[in-house]
Amino acid sequence: GPHAIAVDVQGDVFVTGAVSDNVFRIATDGTIAQVVGPEGDGLGHPLEEPEAVAVGPAGEVYVAGYASSNVLRLDPDGTVTEILDATGDGGGNTLAGPEALAVTADGTLYVTARSGGFAVFERTPAGDVTAVLLPDDGTLLFPEDVFVDAFGSVYVVSNFSRDVLRRDPDGTVTQLVAPSGTWPLGFPVSPYNLTVTGSGDVFVTGYGLPYLLELDQADWFADLGGSSPGIAGRPELRAKGVLSPGTPQDRVLRHAPPNALMLAWIAFASTPLDAIGGTVHAFPPNVQLFYVADAVGSSSLSVTWPAGIPSGIDLYLQFIVQDLSVPDGLTLSNAVLRTTP
């Protein structure tokens, strides 16, 4: 019973067997190998009914055992370690039936507890475990899927209570869809999966849902695409802000090489140019700014939008990233666009 799939930056595919209690890797050359078996870590922590798998920034693979109520980590050297068990955060919030996983660029892991506890847990790279969403945050009964966006907001879809929650880094929890029993068009639903696009749109589907529900987060910049591949994947740019005077404007770039030099191009009109293996939308640039990625290949910035900028101005933003692994020594991020109100 193959159940979940994840792909690493090299293109290797990891597949869980929910009935056979194992994980296979399908390498880019077609080689297939079992990388985690029913014995789990071999130290008394088995893998039973794995229903979720995710790949971390260092190539580590996380797998959630639904029936064994644990999470195992497979390191690139083949070592398997149990990193989360049924005790959850150790403070009374238990992990039963982990159903979904999400990993951030710094290796922070998020796990849903579907069949007991009804929590969403955060595990930091240092190993600290916290229940960041609980049943009193909305209703959160049978949390099915989890997603973390570039700004660190955690989204969870809850099957039985029929709601979608977002928890922002400051702890604020917002119900994007209320647990009303019926959703748009009057159809009763059991939401099951969600994802968030580069433009901030949240898409939700599930059992009994005869359509794809789109939730628009209006403060995000539109994602224009145009990126090119590099050693850490395609550099990914996300930005949000309404661009009104005195309001915050945030941007995050991920999946650059560690400590890479980066050039941000800002343009007020676009003449797309195919170059550097992608498409430069912020061309010709009106402003150029230099940045350096951090040790995990990320860069973030939050500024207050100034006064005096006219309405109706298109703002294109895109990064050129140093990457010595590719022939040109450069890669492109995607471009983003927003118009001043």
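Residues numbered from 1 in each chain as written. Predicted model: local features only at pLDDT ≥ 70, side-chain atom pairs only at ≥ 80, totals over all residues. Heavy atoms only, no water.

Draft legend 1. Up close: the pairing of strand E13 (residues 143-148). Burial analysis of E13 places five of its six residues in the buried class, the great majority of the element. When E13 meets strand E14 (residues 154-158), the two strands line up antiparallel, connected through five bridges. Opposite Phe147, over in E14, you have Tyr155 as the bridge partner. Joining the antiparallel neighbours E13 and E14 is a turn of five residues, in which Gly152 adopts a positive phi near 90 degrees. (Buried < 20%, exposed > 50% of the residue type's maximum accessible area, 1.4 Å probe, protein only. Helix = DSSP H or I, 4+ residues; strand = E, 2+ residues; numbered from the N terminus. Pairing = 2+ DSSP bridges.)

Draft legend 2. Up close: the packing of aromatic side chains. In total, this model carries five aromatic pairs according to the counting rule given. On the numbers, 5.3 Å between centres and 90 degrees between planes, the contact of Phe151 with Trp220 is edge-to-face. Here the residue Phe151 occupies a position in the loop between E13 and E14, and Trp220 occupies one in the loop between strand E19 (213-215) and strand E20 (222-225), the gap between them amounting to 69 residues. Judged by its relative accessible area of 15%, Phe151 is buried. When the ring centre of Phe151 is taken as origin, the NZ or CZ atom of Lys240, which lies over that ring, is 4.6 Å away. A cation over an aromatic ring shows up here: Arg251 above the ring of Tyr291, its NZ or CZ 4.5 Å from the ring centre. (Phe/Tyr/Trp six-rings, centres within 6.5 Å; stacked < 30°, edge-to-face > 60°. Lys NZ or Arg CZ within 6 Å of the ring centre and 35° of its normal.)

Draft legend 3. Main features of the nonpolar core. Formed by 17 residues in total, the largest nonpolar core has its most connected members in Met262, Leu317 and Phe319. Elements with a contribution of two residues or more to this core: strand E21 (236-240), strand E23 (261-267) and strand E28 (314-322). Broken down by element, the residue count for this core peaks at four residues, all from E28. If we ignore the near neighbours within four places in the chain, the residues touching Met262 are Leu253, Ala256, Leu289, Phe290, Tyr291, Val292, Ala293, Ser299, Phe319, Ile320 and Val321. Within the second largest apolar cluster, 15 residues are counted, among which are Ala52, Leu84, Val111 and Ala113. (Core = buried A, V, L, I, M, F, W, Y, C linked by side-chain atoms within 4.5 Å. Contact = heavy atoms within 4.5 Å.)

Draft legend 4. Just the side chain of Thr104, in detail. Residue position: Thr104 is located in the loop between strand E9 (96-103) and strand E10 (109-116). For Thr104, the residues in contact, after removing those within four places along its chain, are Pro57, Tyr110 and Val148.

Draft legend 5. Representation of the sheet that holds E19. A sheet is described by the order of its strands in space; here three strands give the open sequence E17-E18-E19, paired in antiparallel fashion. A single partner strand is all that each edge strand has here, and the edge strands are strand E17 (190-196) and E19. In this sheet, neighbouring strand axes are inclined to one another by 30 degrees on average, regardless of whether the strands run parallel or antiparallel. Relative to E19, strand E18 (residues 202-207) is paired through three bridges, and the arrangement is antiparallel. Counterpart to Val202 in the pairing with E19 is Leu215. (Axes fitted to C-alpha atoms, helices over the stretch in contact; angles between N-to-C directions.)

Draft legend 6. Up close: the environment of Val287. Residue position: Val287 is located in strand E26 (residues 287-292). Between the C-alpha atom of Val287 and that of Ala267, which follows or precedes it by 20 residues, the distance is 6.7 Å. Ignoring any residue separated from it by four or fewer positions in sequence, one finds Val287 in contact with Ala264, Trp265 and Ile266.

Draft legend 7. Structural detail: the environment of Asp21. Residue placement: Asp21 occurs in the loop between strand E2 (13-17) and strand E3 (22-26). With 296 residues separating them in the primary sequence, Asp21 and Leu317 have C-alpha atoms 45 Å apart.

Draft legend 8. Representation of the pattern of salt bridges in the model. Tallying each qualifying case throughout the model produces six salt bridges. One salt bridge in this structure joins Asp223 and Arg238, with 3.8 Å as the shortest N-O distance. Separated by 15 residues along the polypeptide, Asp223 in strand E20 and Arg238 in strand E21 bring together distant segments of the chain. Among the residues examined, Arg238 registers a relative accessible area of 12% and is labelled buried. Note that Glu236 is salt-bridged to Arg254, the shortest N-O span being 2.2 Å. Here the residue Glu236 occupies a position in strand E21, and Arg254 occupies one in strand E22 (residues 248-254), the gap between them amounting to 18 residues. The exposure class of Glu236 is buried, given its relative accessible area of 16%. Connected through salt bridges with shared partners, the residues Asp223, Glu236, Arg238 and Arg254 form a single ionic network. (Salt bridge = Lys/Arg side-chain N within 4 Å of Asp/Glu carboxyl O.)

Draft legend 9. Representation of the side chain of Ser158 within the structure. Relative to the helices and strands, Ser158 resides in strand E14. Relative accessible area serves as the criterion here: at 1%, Ser158 is assigned to the buried category. Apart from the residues lying within four places of it in its own chain, the contact partners of Ser158 are Leu140, Leu141, Phe142, Pro143, Glu144, Asp163 and Pro191.

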